[in-house]
Amino acid sequence: MAQIFRAKKTSGKGEVMEVGIDSLDHQGRGVAKYKGKVGFIEGALPGERVKIRVSQQKAKLFEGVVEKVITASEQRVDAFCPHYQQCGGCSLQHLDKSAQLGHKQLAVEKLFSKFSGTDVLPWANPIKSDGRHYRRAARIATYFDKKEKVLKLGFRAAKSKKLVDVVDCGVLTQVYQSVFVDLREILNSHSQLRSVSHIQLCEADNAPYVLLRHTKAIDDEVKQGVHTQFEQKGWRVVWDDGNEEPYYSALPEYQVGGTEFQFRLNNFIQVNAAVNSAMLDQALNWLELTGQEKVLDLFCGIGNFSLLFAKQAKQVIGVEGVASSVAMATQNAHTNNIDNAQFFQFDLTQEMASAQWFSQELDTLVLDPSRTGAYDVLKQLPLGQFNQVLYVSCDPVTLARDSALILQAGFTASKVALMDMFPHTGHIETMALFQRR
């Protein structure tokens, strides 16, 4: 049996020390060196001198949180959110918005150098986003306080299950600006509503939706009262008891490039609508499809990329592991009268050599994986048949790791760009185009 080494924690948790910050890592943490160890400091910026409290310490590294800024960076700003440093949503509001992408780009460069030996990347201009009111979808947690006999709701604290009692969230779209105040009032108006276990928000093009997941039965009369109050706010309610498929009076939808995408609230969509639209435009511009290409779109979801590619390519094969997303992608192709796109459900962690959808005639590969990346997929695919590979990444570590396989297969990185999908967070979204040498 293989033995996995795990470094043992050493004493030092709670220790207070003073350090200088050299850079930011790919999670937006300050990087410091102290007595031969590397430290990762929440809330610190490059060029700063800070006093920190150690939260975790190992043989060669430590983690900590800023307790006091001794010498501040010129890029440090005051956070606009009253819940900052408690809520686990945003982690970089203390860094000027105009500087965030520059630091993220440096972090990506370091990772590419480490994993693939690529020291210079062909950067294209980043896709930028407004820093406020960009998020059209979010999940709100709830908790019934038995002592106070009130249903509380908010977001989880960073690295914790603790609920932060949020009053306002400045990154949610404008239609949800009063959502926390309004939901507290509505959901505490009847005892049956205490069983609401979480709330999902999604502003679609046809309506702003609020899904209420509940663990106990709720009478129709109570539901109707909620429905009436939601209508007054302009929201459309969806009830989810966890047993049956939620009923939609009309499916949520969004449009990009003249293409209509319908979805259910359990399907994945990009939460930043403006960046999603710009991302799709950029993908089309980079691939320069001529109408002759046969595209393989892996991790295709509801067809976000596939359907737009199908309008400019000869054929598109979309593959996705989630059955409900495949069903929506197929439906969306039909709705848009697209007949040169086919969608298949397949677990992309499994061997795919004999999969019915795979064809040696495919020449363009598109990857949009989760944070775990596409390493196992790339190890299996005969990459030599593709002329170009477009990789859309939500994790720079797995992108840099996977890029080594693509480069070794005879490709070169021709374009790389950041996409500011999640301003004020440590998340780094990247698009990279690899073309055959």
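Residues numbered from 1 in each chain as written. Predicted model: local features only at pLDDT ≥ 70, side-chain atom pairs only at ≥ 80, totals over all residues. Heavy atoms only, no water.

### Quick notes on the sheet that holds strand 1 (residues 16-24)
Then step 1. Taken together, five strands build a closed barrel; the order of strands is 1-2-3-5-4 and the barrel is mixed. Put simply, the sheet's adjacent strands are angled 50° from each other on average, direction ignored.
Then step 2. Relative to strand 3 (residues 37-42), strand 2 (residues 30-34) runs antiparallel, the two sharing five bridges. Each bridged residue has a counterpart across the sheet, and for Tyr34 the counterpart in strand 3 is Lys37. (Pairing = 2+ DSSP bridges. Helix = DSSP H or I, 4+ residues; strand = E, 2+ residues; numbered from the N terminus. Axes fitted to C-alpha atoms, helices over the stretch in contact; angles between N-to-C directions.)

### Considering the sheet that holds strand 7 (residues 150-156)
Then step 1. Strand order in the open sheet made by the six strands is 8-7-6-9-10-11, with mixed pairing throughout. Both outer strands of the open sheet, strand 8 (163-164) and strand 11 (236-240), are each paired with one neighbouring strand and no more.
Then step 2. Its contacts with the sheet put helix 2 (residues 179-187) on strand 6 (137-145), strand 7, strand 9 (196-203) and strand 10 (208-214), and the angle it makes with strand 7 is roughly 150°. (Contact = heavy atoms within 4.5 Å.)

### Re the packing of helix 2 against helix 3 (residues 220-233)
Then step 1. Here helix 2 crosses helix 3 at 160°, and the two axes come no closer than 11 Å. Regarding the angle of helix 2 to helix 3, the classification is roughly antiparallel. In this structure, the crossing between helix 2 and helix 3 has a hand that is right-handed. Contacts between helix 2 and helix 3 pair Asp182, Leu183 and Ile186 from the former with Val226, Gln229, Phe230 and Lys233 from the latter. (Parallel < 35°, antiparallel > 145°, perpendicular 65-115°, else oblique. Left-handed = near helix turned anticlockwise from the far one by under 90°.)

### A few points about the packing of aromatic side chains
For any two aromatic rings, the description comes down to two numbers: the centre-to-centre distance and the angle of the planes.
Then step 1. A complete count under the given rule lists eight aromatic pairs for this structure.
Then step 2. Judged by centre distance (5.5 Å) and plane angle (75°), the rings of Phe346 and Trp357 are edge-to-face. Within this pair, whereas Phe346 is found in the loop between strand 16 (341-345) and strand 17 (364-367), its partner Trp357 is found in the loop between strand 16 and strand 17, the two being separated by 11 residues in sequence.
Then step 3. Judged by its relative accessible area of 4%, Trp357 falls in the buried class.
Then step 4. An aromatic cluster of at least three residues, connected via ring pairs, comprises Tyr254, Phe261 and Phe263. (Phe/Tyr/Trp six-rings, centres within 6.5 Å; stacked < 30°, edge-to-face > 60°. Buried < 20%, exposed > 50% of the residue type's maximum accessible area, 1.4 Å probe, protein only.)

### Concerning the packing of helix 1 (residues 97-116) against helix 8 (residues 396-408)
Then step 1. Relative to each other, helix 1 and helix 8 sit at 40°, their axes nearing to 8 Å. The orientation of helix 1 relative to helix 8 falls into the category oblique. In terms of crossing hand, the pair formed by helix 1 and helix 8 is right-handed. Packed against helix 1, whose contacting residues are Val108, Leu111, Phe112, Phe115 and Ser116, the element helix 8 presents Pro396, Val397, Leu399, Ala400, Arg401, Ser403, Ala404 and Leu407 at the interface.
Then step 2. Per-class residue counts for the contact of helix 1 with helix 8 are 10 nonpolar, two polar and one charged. (Nonpolar A, V, L, I, M, F, W, Y, C, P; charged D, E, K, R; others polar.)

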